[in-house]
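Here is what each chain is made of, one letter per residue.
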Amino acid sequence: MKITVCFDRIDPVPWVRGLQAALPQAEVSAWVAGAPQADHAIVWAPPQAFIDEQPGLKTLFNIGAGVDALLQLRLPADLKVVRLDDAGMSVQMAEYVCHAVIRHFREFDGYDNDVKAGRWSYRKPPHRADFAVGVMGMGVLGERVARALRVFEFPVNGYSRSPKHIEGIRSFSGREQLGDFLQASRILVNLMPLTSETENILNKETLSQLQAGGYLINVARGRHLVEEDLMALLDSGHLAGAMLDVFRIEPLPASHPFWMHPKITVTPHTSARTLREDSIAQMAEKILALQRGAPIRGVVDHQRGY
Ligand SMILES: NC(=O)c1ccc[n+]([C@@H]2O[C@H](COP(=O)([O-])OP(=O)(O)OC[C@H]3O[C@@H](n4cnc5c(N)ncnc54)[C@H](OP(=O)(O)O)[C@@H]3O)[C@@H](O)[C@H]2O)c1
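A few points on the structure. (Residues numbered from 1 in each chain as written. Predicted model: local features only at pLDDT ≥ 70, side-chain atom pairs only at ≥ 80, totals over all residues. Heavy atoms only, no water.)

Examining the sheet that holds strand 4 (residues 59–62)
The strand order 2-1-3-4-5 describes an open sheet built from 5 strands, whose pairing is parallel. Every interior strand has two partners, whereas the edge strands, strand 2 (27–30) and strand 5 (80–82), have only one. Between one strand axis and the next, the sheet turns by 20° as a mean value, whatever way the strands run. Where strand 1 (residues 2–7) lies against strand 2, 4 bridges are found, and the strand directions are parallel. Note that in strand 2 the partner of isoleucine 3 across the bridge is valine 28. Together, strand 1, strand 2 and strand 3 (40–44) form the strand contacts of helix 1 (residues 13–22), whose direction differs from that of strand 2 by roughly 175°. Running at roughly 160° to strand 4, helix 9 (residues 276–292) makes contact with strand 1, strand 3, strand 4 and strand 5 of the sheet. (Pairing = 2+ DSSP bridges. Helix = DSSP H or I, 4+ residues; strand = E, 2+ residues; numbered from the N terminus. Axes fitted to C-alpha atoms, helices over the stretch in contact; angles between N-to-C directions. Contact = heavy atoms within 4.5 Å.)

Following this line, the structure appears as structure tokens:
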């Protein structure tokens, strides 16, 4: 069995070594143009030339959860695309989102400013019941985030394509329930995949349906958000703030207004990082399962786009 590793701007060497150690029976190498045909590929943003040169591939393992960029390539219809299925990402996402929600709810930025100004000031505790959190996308990451928020007793709404039955979480599904979901939420967490259906879904029409004083946490993809619409709703006061981890252009250009906006907190696409060891262990296990003819989780539906 041959495994090839093809990454853009990531050193493949530690991955090749780790995969070789996990699968000693395989021949693992970093891809170079003209390399022999492989059975499985581990990829991050591979060029089209890689796909075209490797028509014998059975599986393409993406070292991330989102496959939007990968699906922009011309891929053979029968090529199995497999995304990372948690692999240590959901706990990181839960940390990030709980931090963002609590920081906003408890007004920690306000306290920071007070302390910097030498002011010892108390703020009236807000009512938790007034801070319902809507988690948009209730997949591997969204469900973990929603459950973590429940630990802090926030009211939690979940939005997905298909209805979910999770104790303590109010489920909304399908486009026809999107309005009800937004109107029931004050803080919105975006954890949807980027597809033709979800691109630009965070816009004036949707964000203005959040409850007054709304707050946006975008941890999915920059192209979900219409940036000017967010700015307009922050300026009008309908939205109180936003914490953004992902952007239409990354790295975020130095001149971008988000950097210095007083109501926006920026982080550099770091909410849930790929953990190499966890990812290698998961992919090795899946390759062995495929060899046995056993089913695996995380296979992407090319039509659905996630
Ligand atoms: N910022 C970061 O560091 C980072 C790290 C990892 C991932 N991400 C992003 O997070 C995204 C989610 O990851 P995941 O592993 O949780 O994905 P996932 O398991 O595929 O879950 C996707 C969820 O979105 C829902 N959904 C998809 N299309 C929808 C639509 N048109 N309307 C309503 N709901 C829709 C799905 O509904 P069903 O359950 O009904 O199918 C599912 O609940 C990734 O695609 C990636 O973009 C970001």
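Side note on the site of the ligand
Around the ligand, the structure places 30 residues, and the nearest of them are Arg83, Leu141, Ser162, Lys164 and Tyr306. Residue valine 219 places a main-chain N or O atom 2.9 Å away from a nitrogen atom belonging to the ligand. Protein chains shield 92% of the accessible area of the ligand, which is 940 Å² for the free molecule. Those elements that place two or more of their residues in the shell around the ligand are helix 3 (89–105), helix 5 (140–151) and strand 7 (156–160). The leading source of residues in the shell around the ligand is helix 5, at 3 residues. Its residues assigned to classes, the shell around the ligand comprises 15 nonpolar, 9 polar and 6 charged. (Near = heavy atom within 4 Å. Polar contact = N/O pair within 3.5 Å; in protein donor to acceptor, adjacent residues only side chain to side chain. Areas by Shrake-Rupley, 256 points an atom, 1.4 Å probe, with all protein chains shown as cover. Nonpolar A, V, L, I, M, F, W, Y, C, P; charged D, E, K, R; others polar.)

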